[in-house]
Amino acid sequence: GGLTDELLAHVEDHRLDPRLWAIELKLAIYEELDELDKVTTLLVRNEDYSRASDLAGHFQYLKALMLYKSGYYDEAEAYLRTIRNGLEPYDEVHAMTGWLLGRTVMSDGGPQRPLDALSFFSDVLTNNAGSPYAVASRIGLAEALGTLERYDEAIDAYKVALEELKPLRDHRAVSRDTLRVSISVMAGTQEQLGHLEAALEYARLAASLVDQRDVEQRTIVLQQLAQILTLRADELFAEGERRGKRETPLARQFWLKRAR
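Residues numbered from 1 in each chain as written. Predicted model: local features only at pLDDT ≥ 70, side-chain atom pairs only at ≥ 80, totals over all residues. Heavy atoms only, no water.

**Quick notes on the pattern of salt bridges**
At step 1: Within the structure shown, the criterion is met by twelve salt bridges.
At step 2: Note that R113 is salt-bridged to E77, the shortest N-O span being 2.9 Å. Note that R113 is positioned in the loop between α6 (92–105) and α7 (114–127) and E77 in helix α5 (residues 73–85), a separation of 36 residues in sequence.
At step 3: The class of R113 is partly exposed, set by a relative accessible area of 25%.
At step 4: In this structure, the salt-bridge partner of R84 is D123, at a minimum N-O distance of 3.1 Å. Note that R84 is positioned in helix α5 and D123 in helix α7, a separation of 39 residues in sequence.
At step 5: Judged by its relative accessible area of 24%, D123 is partly exposed.
At step 6: Salt bridges sharing partners connect three or more residues here, namely E77, R81, R113 and D116. (Salt bridge = Lys/Arg side-chain N within 4 Å of Asp/Glu carboxyl O. Helix = DSSP H or I, 4+ residues; strand = E, 2+ residues; numbered from the N terminus. Buried < 20%, exposed > 50% of the residue type's maximum accessible area, 1.4 Å probe, protein only.)

Written out as structure tokens, the structure reads:
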């Protein structure tokens, strides 16, 4: 945090780009420390610098991001819609705010609104293809599709996101880790709902994204995969029992793998 504080103290008034970078970094640091209230002061102190800048929209986006991170979902949604009213569809801020709107309506503290989220994410994908926020929106699209129980489409969206992510560097909105975490969460959700076939496909895809050098990450993801495999095998075995058979061929494959 000291480096960003020094940058904010000494950056020239007209250089809003490094100032924005430092503020967003501070937001991430304060979020990690559970001290998001400090970001409000930071934004107020720097708002005057943004008013006459062509990066004013980026500063407004950070204010909306702060509202979203703080759990003020209704306020974030209203503010994001206001920002977007004055933007062209191909503007980068239009992509940023579209992605964040999709995230907001999927996390609004009440009933999730996956259909609204699909609309926002699709808009970003249509108008800003190839940008990091488009890839982030593809991941959001997959989550919304999963929430709507459109599992095949969700898996396909995740696979496309993986391909789109390959030429990009890690970005504040999207990375290989954010993709893996999203898929793992979806696997866990489907497991809890008893949709074990879908959960297994998600878990396998998450396992393909593991950093093999990260022992802790590998252990967590593979444990999830093993647990879902076991539950799915038990489910298939029970189905075979109900049909008067000892086990189905697929269940037998699972049991043989577990015995090794």
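Following the structure, the description resumes.
**With respect to the side chain of T104**
At step 1: As for its position among the elements, T104 is in helix α6.
At step 2: When its relative accessible area of 0% is taken as the criterion, T104 is described as buried.
At step 3: Separated by 2.7 Å, the side chain of T104 and the backbone oxygen of L100 make a polar contact. (Polar contact = N/O pair within 3.5 Å; in protein donor to acceptor, adjacent residues only side chain to side chain.)

**Points about the packing of aromatic side chains**
At step 1: The full count for this structure, using the stated rule, is four aromatic pairs.
At step 2: For the pair Y61 and Y133, a centre-to-centre distance of 6.4 Å together with 80° between the ring planes defines the contact as edge-to-face. Residue Y61 is located in helix α4 (residues 56–69), and its partner Y133 is located in helix α8 (residues 132–147); the two are separated by 72 residues in the primary sequence.
At step 3: For Y61, a relative accessible area of 2% gives the class buried.
At step 4: Accessibility expressed as a relative area gives 1% for Y133, which makes it buried.
At step 5: Members of the aromatic cluster, each reached through a chain of ring pairs, are Y61, W99 and Y133. (Phe/Tyr/Trp six-rings, centres within 6.5 Å; stacked < 30°, edge-to-face > 60°.)

**Here's the deal with the side chain of H58**
At step 1: Position of H58 among the secondary structure elements: in helix α4.
At step 2: If we skip the residues at most four places from it in the chain, H58 touches L20, E92, V93 and M96. (Contact = heavy atoms within 4.5 Å.)

**Examining the packing of α7 against α8**
At step 1: At a minimum axis separation of 9 Å, α7 and α8 run at an interaxial angle of 155°. Considered as vectors, α7 and α8 are oriented roughly antiparallel to each other. α7 and α8 meet at a crossing whose hand is left-handed. Residue-level contacts link P114, A117, L118, F121, S122, V124 and L125 of α7 to Y133, A134, S137, R138, G140, L141, A144, L145 and T147 of α8.
At step 2: Tallied by class, residues from the contact of α7 with α8 come to eleven nonpolar, four polar and one charged. (Axes fitted to C-alpha atoms, helices over the stretch in contact; angles between N-to-C directions. Parallel < 35°, antiparallel > 145°, perpendicular 65-115°, else oblique. Left-handed = near helix turned anticlockwise from the far one by under 90°. Nonpolar A, V, L, I, M, F, W, Y, C, P; charged D, E, K, R; others polar.)

**Quick notes on α4**
At step 1: The end-to-end C-alpha distance of α4 is 20 Å, a good match for the 20 Å that 14 residues give at a rise of 1.5 Å each.
At step 2: When α4 is considered as a whole, its buried residues turn out to be G57, H58, F59, Y61, L62, A64, L65, M66 and Y68.
At step 3: Immediately beyond the C-terminal end of α4, within one or two residues, lies G71, with a positive phi of roughly 85°. (Expected span 1.5 Å × (residues − 1).)

**Considerations on the nonpolar core**
At step 1: Within the largest apolar cluster, 69 residues are counted, with the highest numbers of intra-cluster contacts made by Y61, W99, L100, Y158, L179, I183 and Y202.
At step 2: Beyond its immediate sequence surroundings of up to four residues, I183 is in contact with Y158, Y202, L205, A206 and L209. (Core = buried A, V, L, I, M, F, W, Y, C linked by side-chain atoms within 4.5 Å.)

**A look at the environment of V174**
At step 1: By the element assignment, V174 lies in the loop between α9 (151–165) and α10 (176–193).
At step 2: Taking the C-alpha atoms as reference, V174 lies 7.1 Å from V135; in sequence the two are 39 residues apart.
At step 3: Those residues in contact with V174 that sit more than four places away from it in its chain are P132, V135, A136, I139 and L165.

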